[in-house]
2 protein chains.
Amino acid sequence: MPHFEHVRHRPPQLLAGPRELVIACAPMKSNINLSHIVRSAGCFGVTRVIGTGAARLEERIARDGADTVKLEVHRSLGPVLDTLRAEGYQLVGLEQTTHSERMFEFQFVAKTALIIGNERLGIEPELLAKLHRVAEIPMYGLPHSLNAATSAAVAMYEYCRQFGAR
Amino acid sequence: MPHFEHVRHRPPQLLAGPRELVIACAPMKSNINLSHIVRSAGCFGVTRVIGTGAARLEERIARDGADTVKLEVHRSLGPVLDTLRAEGYQLVGLEQTTHSERMFEFQFVAKTALIIGNERLGIEPELLAKLHRVAEIPMYGLPHSLNAATSAAVAMYEYCRQFGAR
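The paragraphs below set out a description of the structure included in this document. (Residues numbered from 1 in each chain as written. Chains lettered and ligands numbered in written order. Predicted model: local features only at pLDDT ≥ 70, side-chain atom pairs only at ≥ 80, totals over all residues.)

**Observations concerning the overall build of chain A**
- Within chain A, the secondary structure is distributed over six helices and seven strands.
- Ordered by position from N to C terminus, the α and β elements of chain A give β-α-β-α-α-β-α-β-β-β-α-β-α.
- Here chain A has a C-alpha radius of gyration of 16 Å; the compact-globule value for 166 residues is 15 Å, and the two agree.
- In terms of overall dimensions, chain A has a C-alpha envelope of 55 × 35 × 35 Å along the principal axes.
- Looking at chain A as a whole, 50% of its 166 residues are labelled buried.
- The long-range fraction of contacts in chain A, counting pairs at least 24 apart against all pairs at least 6 apart in sequence, stands at 71%. (Helix = DSSP H or I, 4+ residues; strand = E, 2+ residues; numbered from the N terminus. Rg over C-alpha atoms; globule rule 2.2 N^0.38 Å. Buried ≥ 20, exposed ≤ 12 C-beta atoms within 10 Å, placed from the backbone. Contact = placed C-beta atoms within 7 Å.)

**With respect to the pairing of strand 7 (residues 133-136) of chain B**
All names here are of chain B.
- Pairing between strand 4 (residues 90-94) and strand 7: three bridges, direction parallel. Residue pairing for strand 7: Leu94 is matched across the bridge by Ala135.
- Sheet topology note: the strand 5 (residues 101-102)/strand 7 ladder contains two bridges and is parallel. Note that in strand 7 the partner of Glu101 across the bridge is Ala135. (Pairing = 2+ DSSP bridges.)

**So, the pairing of strand 2 (residues 48-52) of chain B**
Residue and element names in this part refer to chain B.
- Burial within strand 2 is extensive, with four of its five residues counted as buried.
- As paired elements, strand 1 (residues 21-25) and strand 2 share three bridges and run parallel to each other. Considered in strand 2, the bridge of Ile23 is made with Val49.

**Some details on the sheet that holds strand 2 (residues 48-52) of chain A**
Residues and elements named next belong to chain A.
- Reading across the sheet, the seven strands line up as 3-2-1-6-4-7-5 and stay open at both edges, with parallel pairing between neighbours. Strand pairing shows two members of the sheet lacking a second neighbour, strand 3 (70-74) and strand 5 (101-102), which therefore form its edges.
- Judged from the five bridges that link them, strand 2 and strand 3 form a sheet pairing that is parallel. Within strand 3, the residue paired with Val49 across the bridge is Leu71.
- On top of the sheet, helix 6 (residues 148-163) reaches strand 1 (21-25), strand 4 (90-94), strand 6 (112-116) and strand 7 (133-136); it is set at about 165° to strand 6, its chief contact. (Axes fitted to C-alpha atoms, helices over the stretch in contact; angles between N-to-C directions.)

**Focus: the relation of the copies chain B and chain A**
- At an RMSD of 0.0 Å, chain B and chain A line up after a rotation of 180° and a shift of 0.0 Å along the axis. Read as a symmetry element, the transformation amounts to a two-fold axis.
- With an isologous cut-off of 70% or more, the 100% of interface residues of chain B that recur at the interface of chain A puts this contact in the isologous class. (Least-squares fit on C-alpha atoms with pLDDT ≥ 70 in both.)

**Some points on unusual backbone geometry**
- The linkage connecting Leu142(A) with the following residue, Pro143(A), adopts the cis geometry, with an omega of 0°.
- With respect to the helices and strands, the residue Pro143(A) is situated in the loop between strand 7 and helix 6.
- For His99(A), which is not glycine, the phi torsion reads 60° and is therefore positive.
- Within the element layout of this structure, His99(A) appears in the loop between strand 4 and strand 5.
- Positive phi values are uncommon outside glycine, yet Arg63(B) reaches one of about 55°.
- Among the secondary structure elements, Arg63(B) is positioned in the loop between helix 2 (59-62) and helix 3 (65-68).

**Details of the nonpolar core**
- Counting residues in hydrophobic clusters, the biggest one holds 112 residues, and the most contacted among them are Ile23(A), Ala24(A), Ile115(A), Ile23(B), Ala24(B) and Ile115(B).
- With sequence-adjacent residues up to four places away left out, Ala24(A) is seen in contact with Ile50(A), Leu77(A), Val80(A), Leu81(A), Ala113(A), Leu114(A) and Ile115(A). (Core = buried A, V, L, I, M, F, W, Y, C linked by C-beta atoms within 7 Å.)

**So, the interface of chain B and chain A**
- Counting from both sides, the interface comprises 51 residues of chain B and, opposite them, 51 residues of chain A.
- Elements supplying a minimum of two residues to the side of chain B that touches chain A: helix 1 (31-43), helix 3 and helix 6 (148-163) of chain B.
- The greatest single-element share of the side of chain B that touches chain A, amounting to six residues, is contributed by helix 6 of chain B.
- Class assignment of the residues belonging to the side of chain B that touches chain A gives a composition of 24 nonpolar, 20 polar and seven charged. (Nonpolar A, V, L, I, M, F, W, Y, C, P; charged D, E, K, R; others polar.)

**Observations regarding the packing of helix 6 of chain A against helix 6 of chain B**
- In contact at an axis separation of 9 Å, helix 6 of chain A and helix 6 of chain B are set at 55° when each is read in the N-to-C sense. Judged on the interaxial angle alone, helix 6 of chain B and helix 6 of chain A are oblique. The two elements helix 6 of chain A and helix 6 of chain B meet at a crossing, and its hand is right-handed. Facing Thr150(A), Ala153(A), Val154(A) and Tyr157(A) of helix 6 of chain A, the residues of helix 6 of chain B in contact are Thr150(B), Ala153(B), Val154(B) and Tyr157(B).
- Partitioned by chemical class, the residues of the contact of helix 6 of chain A with helix 6 of chain B number six nonpolar, two polar and no charged. (Parallel < 35°, antiparallel > 145°, perpendicular 65-115°, else oblique. Left-handed = near helix turned anticlockwise from the far one by under 90°.)

**Quick look at the environment of Arg102(A)**
Residue and element names in this part refer to chain A.
- Checked against the element boundaries, Arg102 lands in strand 5.
- Judged by the 13 C-beta atoms lying within 10 Å of it, Arg102 falls in the partly exposed class.
- C-alpha of Arg102 to C-alpha of Glu5: the two residues are 97 residues apart in sequence and 36 Å apart in space.
- Setting aside residues up to four positions removed in sequence, Arg102 forms contacts with Glu136 and Pro138.

The following block contains the structure:
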């Protein structure tokens, strides 16, 4: 067996250009969840996270993610989604809905805005109506839904799996 | 565009048999992280999580995951890994090490024990020495390492992506 030794400060993989993935969050119940999303975004090379309402980072959670990720805070998500759409982003909700596509087979386009719903309410119907597609992570048991920040990280991972350092 | 409507209680996908994936955690700094791991394990159909030391579930975090996931608490992880190995599990650490394999190309075997390290210390050297393989999630930016519970969820997702409802 190989001899495994910690690599504590492996340099990150360099991206060929800025990640074309944007994360847009509905007003979250918990700024801890939002801060976890920002930490994960930083790790996956995402530089733009959109928060709504009382969004505020907890630095002990977001860590250095707060240094490289720009958190834009807006009053509500509807107009933001309209702008992103006009800018050419494919609007992809992360939700359990009719007509959703399983994350395992979901083919992202590079220029994607990933929409994260509120922990309790999910993505509200008036926002669902603006989406091009919905991706859903298959569930195999209770509690049948992942934490919002956890599912956002899984979706970012899947995007990076498809696009690597591009 | 399709009309997306919430599906709040989609029945989970039925597994053909019990998941052969076991999660084994070093003593964690935070029972919140451990509880998040149990919640994610429940969602992904994993029924066995091994905790160490002062492991205790916070039910508000673990949710119904605590109903279906058996949390076994042991004094230390070394003897547990020896037993899992003797039972035929492939011992896979989730860590940043020399000789690690990128998670994007990592081929799991069905009977896998996934080892999660402490938030600060990672998987300690005497445990690393017991592992068959190490999987590493590629990082593209600061803070260069995911939260322990987040990375555990990503690894469980990747396992499920490969094995589906098997």
